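Read off the chains here:
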Amino acid sequence: MAEAEFYELVGNSDSEDDEFMGFYPEDIGDEIGENFDLDADIDLDDQELREIEQEVENEMDREDRDPKHNAYFSPWLTEFSENSGPKHVEGSESDIFLTLFNNEIIDILVTQTNLYYEQYITNLGGVENLKPHARARKWTDVTNSEMKAFIGIILYMGVVRLPGYDSYWNTDELISLKGFTVLMPRDRFLNILSFFHAADNSQEPPRDSPNFDPTYKFSEVAKLLVSQWQHYYYPGRELSVDETLIPYKGRTKYLQYIPSKPHKWGLKTWTLAESSTGYVYNWVLYTGKAAGDPTKGAAHRVVMNVTEPLLHKGHHLYCDNFFTSPSLFQDLEDNQTGACGTLRTNRIGVPNAVKTAKPKKGDLPVVVRQGNKLYICWHDKRQVNMLTTVHNGSTYTKTVRSKFHDGHVREVDHPRAIQLYTQHMGGVDVADQQTQYCVSQHRMLKWWKKLVICNLLEVTFCNSKIIWKSLNGGKKVSSMKFRLAVIHGLLEGYEPTNKRFARPVNNPPSRLTEKHFPSMNPHMTAGGRRSTPDCAVCSDREQKKRHQTQFICLQCDTPLCVYPCFMRYHSMVYFKITCSPELHK
């Protein structure tokens, strides 16, 4: 039967008398008849019919309950079928953190920190050329367990925020924090922080070399961390890409000024995160303009770079108008990745109908389809332009507050695509928010140290928390409680080098009940003279009231003036006193 005859027979509605009664086998022909059995019975029992009816009812109910249902239209896109969530990892809070921040990374930090101290002393011409009271004279090589303790202290500083490093080791009874003095002496911590390194300076290519890498100082550690993030967790279908600004005001050519950010000055990174949890899957530092196709721009290259590990999987990527362009969405489409984002209408390839669209408040959205790309122009409080390759142009009625309408509410025809964009775009913002809960804003001259300590370390901590929650059925845990559990895990097997600081935190010796006796200080300076440290009771460097003493309580290992400081220290809870000439008479 010819195609024209078929449509004439079935589709013609002009005839009122003739009724279409069906086909005869000779009308269908051999090609169709071979694969179609007219005599076959369609046997559906009552149970199967009830299941079909229930499925239809559930589908209708789901559409009524969830206005976002049926908002997707992407027949060209591979169906997302990956198992999202943690992979190849289990254990306690600290186990998961140390799986991401593993021993290979710790070993690099230990090796390069010790190497940098050697290079520093060699360039100086020997230890003897250090200043007499320089902290570097007390240097001993860092061990693996000590580096973990150092990282634990950095995380601990996010729990208790104080204005400077010295404040954490302040002995004033009102603000003293025994945890820090127990873990590590102040000078030892500052020594490790000063010589903290992640790469060999002697192997760094010069700036005029074609192999010069602006991220050389931390690139090896950053690559290992990102690979760990990607290996132990797979994100869900919805992803978001955006910029992150790490607060910094030091000197570097990579400093960025973004007035719309809470911290306007800093280092900019491109971040790819899971929309629902904020899990950071990929991370790239912005180091200036890079070579590439000038017709596509830097934003196009950034998105294709950070999403490369997840292409061809059927993901939906959400981005803002800085990244969105028809050429980018076409490249993502060619790589079986859907995309949705707000749009600047001056982008190359945007149809004129979109550029000239001026919908008014209360109007239905203007929808223009170009292949698999759908342009939506809609006006609520202001005009919003959007480009998507995974949604349709459907709307739903949304009730919003309004003081100018009856009942102080009004109904708006809201595009479903815009609602889904609002829901899924904030993945990077969630990640930024999580990293700022308990991060100490360390002041550092070296920009790469700021990047490692204040961002990469914190992102790893937040990612480990997301993994732990996913493994424990979404169990809620406070950031502080999780952080303390990680810190305790980092301190396992660590023994302070100075026995004075090896006292257990929860069971310190009582200076108020036991017997104590004054003695001459047995410690000597580097020059061979008796050490005269500050008195723990009457000396206060912050108030520029310094008082040194040769006497010490051997049991407490605390420098004290014989009178009246020794008695005050061992008989009063709050023993601090201001030094004066009359005090010691």
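Worth saying up front: this structure is predicted, and the values here are computed from it rather than measured.

Rules used in this analysis
- Residues numbered from 1 in each chain as written.
- Predicted model: local features only at pLDDT ≥ 70, side-chain atom pairs only at ≥ 80, totals over all residues.
- Heavy atoms only, no water.
- Axes fitted to C-alpha atoms, helices over the stretch in contact; angles between N-to-C directions.
- Helix = DSSP H or I, 4+ residues; strand = E, 2+ residues; numbered from the N terminus.
- Parallel < 35°, antiparallel > 145°, perpendicular 65-115°, else oblique.
- Left-handed = near helix turned anticlockwise from the far one by under 90°.
- Contact = heavy atoms within 4.5 Å.
- Nonpolar A, V, L, I, M, F, W, Y, C, P; charged D, E, K, R; others polar.
- Core = buried A, V, L, I, M, F, W, Y, C linked by side-chain atoms within 4.5 Å.
- Buried < 20%, exposed > 50% of the residue type's maximum accessible area, 1.4 Å probe, protein only.
- Pairing = 2+ DSSP bridges.
- Phe/Tyr/Trp six-rings, centres within 6.5 Å; stacked < 30°, edge-to-face > 60°.
- Lys NZ or Arg CZ within 6 Å of the ring centre and 35° of its normal.

A. Main features of the packing of helix α12 (residues 297-306) against helix α13 (residues 326-334). Taken N-terminus to C-terminus, the directions of α12 and α13 make an angle of 20°; their axes are 10 Å apart at the nearest point. It follows that α12 is roughly parallel to α13 by the angle criterion. α12 and α13 meet at a crossing whose hand is right-handed. In this structure, α12 uses His300, Val303 and Met304 to contact α13, whose residues at the interface are Ser327, Leu328, Asp331 and Leu332. For the contact of α12 with α13, the class distribution of residues is four nonpolar, two polar and one charged.

B. Layout of the nonpolar core. In terms of nonpolar packing, the biggest core is built from 80 residues, with Met147, Phe189, Phe218, Trp229 and Trp283 touching the most fellow members. With 14 residues, helix α17 (residues 447-471) is the largest single contributor of residues to this core. Those residues in contact with Trp229 that sit more than four places away from it in its chain are Leu100, Tyr279, Val280, Trp283, Leu456, Val459, Thr460 and Asn463. Among the nonpolar cores identified, the runner-up in size contains 30 residues, and Tyr281, Leu311, Leu317 and Val354 belong to it.

C. Molecular detail of the pairing of strand β9 (residues 366-370). One ladder, built from five bridges, connects β9 with strand β10 (residues 373-379); its direction is antiparallel. Opposite Val366, over in β10, you have Cys377 as the bridge partner. Between β9 and β10, which pair antiparallel and follow one another directly, the connecting turn spans two residues, one of which, Gly371, has a positive phi of 70°.

D. Spatial organisation of the packing of aromatic side chains. Using the criterion set out here, one finds 28 aromatic pairs in the structure. Seen from their ring centres, Tyr234 and Tyr281 are 6.4 Å apart, and the 70° between their planes marks the pair as edge-to-face. Of this pair, Tyr234 sits in strand β2 (residues 233-234) while Tyr281 sits in strand β6 (residues 280-285), and the two are 47 residues apart along the sequence. You can call Tyr281 buried: its relative accessible area is 5%. Ring geometry for Trp468 against Phe482: centres 5.9 Å apart, planes inclined by 65°, an arrangement best described as edge-to-face. One end of the pair, Trp468, is in helix α17; the other, Phe482, is in helix α18 (residues 479-490), with 14 residues separating them in the sequence. By relative accessible area, Trp468 is classed as buried at 8%. Of the aromatic side chains, those joined through ring pairs into one cluster are Phe150, Tyr156, Tyr165, Tyr168, Trp169, Phe180, Phe189, Phe196 and Trp448. Lying across the ring of Trp139, Arg188 places its NZ or CZ 5.0 Å from the centre. Over the aromatic face of Tyr286 sits the side chain of Lys268, whose NZ or CZ is 4.7 Å from the ring centroid.

E. Inspection of the sheet that holds strand β16 (residues 558-559) at higher detail. Read across the open sheet, the three strands follow the order β14-β15-β16; overall the sheet is antiparallel. Unpaired on one side and paired on the other, β14 (518-520) and β16 mark the two borders of the sheet. Inspection of the sheet shows β14 paired to strand β15 (residues 551-553) by three bridges, in the antiparallel sense. Counterpart to Pro518 in the pairing with β15 is Cys553.

F. Fine view of unusual backbone geometry. Omega for the bond connecting Tyr563 with Pro564 falls within 30 degrees of zero, at -5°, which places this linkage in the cis form. Within the chain, His312 stands out as a residue other than glycine whose phi angle is a positive 65°. Here His312 lies in the loop between α12 and β7 (316-319). A residue is classified by how much of its surface remains accessible, and His312, at 48% relative accessible area, is partly exposed.

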